[in-house]
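Here is what each chain is made of, one letter per residue.
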2 protein chains.
Amino acid sequence: MIIPQEMIVQLENIVGQSFLFLDMATRTHYGHDETEDYNFPPSVVVKPADAAQVSEIIKLANTYKVPVVPIGARTGLSGGALSINGGIGLSIERLNSITIDEKNLQAILGPAVITQEFQEAALNKGLFYPPDPSSRGSCTIGGNVAENAGGARAVKYGVTKDYVLNLEVVLPTGEIIWTGANTLKNSTGYNLTQLMVGSEGTLGIITKIVMKLLPKNTHNVLMLVPFFKAEQACEAVAAIFRAGIVPSALEFMERDAIDWGLRFLDSVSLTVKDEVQAHLLIEVDGNYPDVLFAEAEKIMEVVEHFVIDEVLYADTEDQKNALWKLRRVVGEAVKSNSIYKEEDTVVPRYELPTLLKGVKTIGDKYGFKSVCYGHAGDGNLHVNIIKGTMSDEMWENEVPKGIREIFELTVSLKGTLSGEHGIGYVQKNYMDIAFSTQHLQLMKSIKTIFDPNNILNPGKIFPDSI
Amino acid sequence: MIIPQEMIVQLENIVGQSFLFLDMATRTHYGHDETEDYNFPPSVVVKPADAAQVSEIIKLANTYKVPVVPIGARTGLSGGALSINGGIGLSIERLNSITIDEKNLQAILGPAVITQEFQEAALNKGLFYPPDPSSRGSCTIGGNVAENAGGARAVKYGVTKDYVLNLEVVLPTGEIIWTGANTLKNSTGYNLTQLMVGSEGTLGIITKIVMKLLPKNTHNVLMLVPFFKAEQACEAVAAIFRAGIVPSALEFMERDAIDWGLRFLDSVSLTVKDEVQAHLLIEVDGNYPDVLFAEAEKIMEVVEHFVIDEVLYADTEDQKNALWKLRRVVGEAVKSNSIYKEEDTVVPRYELPTLLKGVKTIGDKYGFKSVCYGHAGDGNLHVNIIKGTMSDEMWENEVPKGIREIFELTVSLKGTLSGEHGIGYVQKNYMDIAFSTQHLQLMKSIKTIFDPNNILNPGKIFPDSI
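Residues numbered from 1 in each chain as written. Chains lettered and ligands numbered in written order. Predicted model: local features only at pLDDT ≥ 70, side-chain atom pairs only at ≥ 80, totals over all residues. Heavy atoms only, no water.

Looking at an unreviewed UniProt entry, one finds chain A named FAD-binding protein, with Flavobacterium arcticum as its source organism. Entered under Cofactor (unreviewed entry) in the UniProt record, the comment concerning chain A runs "FAD". (UniProt positions renumbered as here; feature names shortened; annotations may be inferred.)

Student: Would you mind going over the sheet that holds strand E2 (residues 44-46) of chain B with me for this structure?
Tutor: Two strands in a sheet stick together by hydrogen bonds in their backbones, pointing the same way (parallel) or opposite ways (antiparallel). Residues and elements named next belong to chain B. The four strands are arranged E1-E2-E4-E3 in an open sheet whose pairing can be described as mixed. Each edge of the open sheet carries a strand with a single partner, namely strand E1 (20-21) and strand E3 (68-71). Against the sheet, helix H3 (residues 51-64) contacts E2, E3 and strand E4 (88-91), and its axis sits at roughly 170 degrees relative to E4. (Pairing = 2+ DSSP bridges. Helix = DSSP H or I, 4+ residues; strand = E, 2+ residues; numbered from the N terminus. Contact = heavy atoms within 4.5 Å. Axes fitted to C-alpha atoms, helices over the stretch in contact; angles between N-to-C directions.)

Student: Looking at this structure, I do not really get the domain arrangement of chain A. What am I missing?
Tutor: Accessible area lost during the coming together of the parts is what is often quoted as the interface size. Residue and element names in this part refer to chain A. Under the domain assignment, chain A is made up of domain 1 (5-91), domain 2 (98-215) and domain 3 (219-412). Here the C-alpha centre of domain 3 lies 37 Å away from the C-alpha centre of domain 1. Each partner contributes to the interface: domain 1 provides four residues, whereas domain 3 provides four residues. Carbon and sulfur atoms supply 35% of the area that domain 1 and domain 3 bury against each other, a total of about 380 Å² over both sides. When residues of domain 1 are sorted by the area they lose upon contact with domain 3, Glu 34, Glu 36 and Leu 77 head the list and together hold 92% of the total. Between the two partners, domain 1 and domain 3, sit two salt bridges. With a shortest N-O distance of 3.5 Å, Lys 341 and Glu 36 are connected by a salt bridge. Applying the counting rule to domain 1 against domain 3 returns one residue pair in polar contact (both at pLDDT 80 or more). Along the lines of polarity and charge, the residues of the side of domain 1 that touches domain 3 split into one nonpolar, one polar and two charged. (Domains from an automatic or database assignment. Buried area = accessible area lost by both parts, 1.4 Å probe. Salt bridge = Lys/Arg side-chain N within 4 Å of Asp/Glu carboxyl O. Polar contact = N/O pair within 3.5 Å; in protein donor to acceptor, adjacent residues only side chain to side chain. Nonpolar A, V, L, I, M, F, W, Y, C, P; charged D, E, K, R; others polar.)

Student: Even after reading the chapter, I still don't get the pairing of strand E14 (residues 278-286) of chain A, so can you show me in this structure?
Tutor: Along any regular strand, the residues point their side chains to alternate faces of the sheet. Residue and element names in this part refer to chain A. The element E14 is extensively covered by neighbouring structure, given that nine of its nine residues are classed as buried. Along E14, one buried face is formed by Ala 278, Leu 280, Ile 282, Val 284 and Gly 286 and the opposite face, lined by His 279, Leu 281, Glu 283 and Asp 285, is buried too. Pairing between strand E12 (residues 219-227) and E14: nine bridges, direction antiparallel. Of the residues in E14, the one forming a bridge with Asn 220 is Asp 285. (Buried < 20%, exposed > 50% of the residue type's maximum accessible area, 1.4 Å probe, protein only.)

Student: Just to check I follow, could you spell out the packing of aromatic side chains for this structure?
Tutor: Residue and element names in this part refer to chain A. In the structure shown here, the tally under the stated rule is 18 aromatic pairs over all chains. Here Phe 128 and Tyr 157 contribute two aromatic rings whose centre-to-centre distance is 5.2 Å and whose plane-to-plane angle is 85 degrees, an arrangement assigned as edge-to-face. Placement of the pair is Phe 128 in strand E7 (residues 127-128) and Tyr 157 in helix H6 (residues 154-157), with a sequence separation of 29 residues. For the residue pair Phe 128 and Tyr 157, the accessibility class agrees, reading buried in each case. (Phe/Tyr/Trp six-rings, centres within 6.5 Å; stacked < 30°, edge-to-face > 60°.)

Student: How do you make sense of the packing of helix H12 (residues 352-366) of chain B against helix H14 (residues 399-412) of chain B when you look at a structure like this?
Tutor: Packed helices, taken two at a time, are described by their axes: the angle between them and the distance between them. All names here are of chain B. Across the interface, H12 lies against H14 with an axial gap of 10 Å and an inter-helix angle of 160 degrees. Looking at the two axes, H12 sits roughly antiparallel to H14. As for how H12 packs across H14, the hand of that crossing is right-handed. Contacts between H12 and H14 involve Thr 354, Leu 355, Gly 358, Val 359, Ile 362, Lys 365 and Tyr 366 from the former and Lys 401, Gly 402, Glu 405, Ile 406, Leu 409 and Thr 410 from the latter. (Parallel < 35°, antiparallel > 145°, perpendicular 65-115°, else oblique. Left-handed = near helix turned anticlockwise from the far one by under 90°.)

Student: Explanation requested: the pattern of salt bridges in the structure shown.
Tutor: Pairing between side chains becomes possible if they bear opposite charge and their charged atoms approach one another. All names here are of chain B. Taken as a whole and judged by the stated rule, the model has 49 salt bridges over all chains. Measuring nitrogen to oxygen at the nearest pair gives 3.1 Å for the salt bridge that ties Asp 259 to Arg 255. Of this pair, Asp 259 and Arg 255 both sit in helix H9 (residues 255-264), separated by four residues, roughly a single helical turn. For Asp 259, a relative accessible area of 22% gives the class partly exposed.

Student: Explanation requested: the interface of chain A and chain B in the structure shown.
Tutor: Each partner contributes to the interface: chain A provides 83 residues, whereas chain B provides 83 residues. Here chain A meets chain B over a buried area of about 6,400 Å², counting both sides, of which 63% is carbon and sulfur. The three residues of chain A that bury the most area against chain B are Lys185(A), Ser187(A) and Tyr190(A), which together make up 15% of that side's buried surface. Applying the counting rule to chain A against chain B returns four salt bridges. Of the charged contacts in the structure, one is a salt bridge between Lys185(A) and Asp378(B), with a shortest N-O distance of 3.3 Å. Put simply, chain A and chain B have 32 residue pairs in polar contact (both at pLDDT 80 or more) between them. Residue assignment for the side of chain A that touches chain B shows that the elements contributing at least two residues are strand E9 (176-178), helix H7 (192-196), helix H8 (230-242), helix H10 (289-303) and helix H16 (437-450) of chain A. Among the elements that take part in the side of chain A that touches chain B, H16(A) stands out by supplying nine residues, more than any other.

Structure, rendered in structure tokens:
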């Protein structure tokens, strides 16, 4: 896409010369996220200072009918931040303020705040922001809101949407609004806050976020349980809940996931018996160590009904960090090993063994191997489909059929396509599996109301046929 | 509104003769809720058996451009279920099935299920549905979803929206959709589930609800703390959270609220010193009595920093039930005492003392008395404005000015108009205080997409000027 020179001049007038970039290196840098190996450079990159500048940019884009793609830390896994049609790449990186409101247990954040930095700022005041995506060290809170990110603690504490109280948003018309109020309860008009969460930068550009915080927990217990049968690991998940326990994390890793993670991380060592097929990483948290030990014991009673190897308790902070590092790195480790496609399947948690078995059967049918891991406590299984030595032709033509069958399976189990990564660019043509044409058209009409010229992050979420 | 006879015949063909009512007694019965003393009888009452019949009714209403108002248990406090333009009163009372899915910790409910009956059905399976509106014995879960009901436990467990996973909805076009999936995580397209929650029956008719459940708690501790200064009771609220405690309920009652409640309830007795201005009713819950006693002790340490009378611990289930009965009955007690208007103000919890003080000052200015009580833990203060001996002229002309000032105050404190009752009919002309005209027009455009003929619950939420 060629941007008219007069528009570039006007953009420069808005953000200042130092915050507008036309060079190929910068454009390429902002042209990719963590989705496979795509790169779609924006035609121009701008870095506005505040909501007022964002609003001016958006108005200009409407005048010239040029796409605007909001860009955060580019850690996304569905291509939401890719400038697939070129246009303006709007990096929100300068909007990075953090205010912790201790009196109300809230925080007011710029969208560019790194999730882990926010968590730590809250902890320093004795407060707790639970959502914990694996990329928390590099992803931004704005991206978390745009994709409704989840992570390991969602099983007990919910996902990003459960913490967002209010959003300052620049609408695609340039108007700046607060979507709601800074309150825990709100029954005042349509919930535009929740409509905005997970809308993947297609309905507005988030410029401020008011988050709910909790008092921090002081203790946790972390255990790693090796299962000789992968499906039994999945079965144990629902059994733990039925025993009345709500763990703060309940993570599943197939054998390959842990092996690849261990190979990727020099710093972590762990001996795993050859016959072990999968692990559950289980955490309970709270303020009373005795209670946590009692809960860990109850969990032991549950998992001992299955065929397991010796359970590893993480005794020190270092051991806990090592196990979490191993879990968090699996995605990256798989990626470093092979070309792959990552699917973000989610089902009601009791259906997890059926899903896992189905994924393997479908893989056999279409000739692909998959490495599965994820947030088993909430039925969210990441399925990494490995190219390995597969021919390009098979990869392009057969694998998508298999992915379609996997999604058809999730939907038949009352699940859906994406638990926490979003639909973005790479999953959009599977949306017909989850929704009727009329349903998709209804969503698309909402998009059109917000964005009549379709300038904001076009070509995302909706299938090409809608 | 006169409904054409041929349309009545067609309605009868859909629901059957026994489920269509034209007599004045039935229409009057379905013409009111608990909002002041309004009665707007629908022109005809129908009681469909299932979503398919609801869909047929909606299609017919579109053909004849006749309003349809979904009606639940008529316990609403903002007039959402009033047939203000006549038309079809669509009672959902036959859609009352309950299925508890123990394996997934979920429930599938018809909208007519009484909230308390659902809570009890869950408890019987060892599961817990926390949202607990004061009217739980008579309100329906469908109404709770439509208004995003909250109640006393929201402070720890969230409101209705935090439990709704998926909704079967008949859209105003007659199409039947599931809004999402039965999963704890979902990042698949726009969140129509959350858009539907709190939309007060204006975007669709909910015919099935999938709710998340938690494992049940086995224990709780309940204490009643009498304060000699009402504002100190409000101040104590934020202090309890800052001490790291998240109570399962933290309720505020002004002196009048408790006195009127006691007079209304013969079965409960309680001696309150003359000088006591307000009470906090505080509950902590969990599975470990020792932990709860420790938390109650921490709460004691906090409240002892204020000027309080002796704290009452409820030692038995009967005492607990009596205190909760007293708290739940306050609204009804005030209503039985005088003509009144109930406002459902909500602010960030630390602002509660400022709100309470402001309400009293505004009352003095406009010459009205108010009885205040509510869910202080989440900043949700019910302000009951009492007519008493005030002239009708003052009541009609001066009091609304005072209400407007109260709402202006809540918004200036980053709060909003309604925490849990909804906007419905009686608050709609205050919406300009919380939202700009463009913001309201954006919401109204969403309404128009869903409901191009404006047949579904027209005249609610939006100010007459929009």
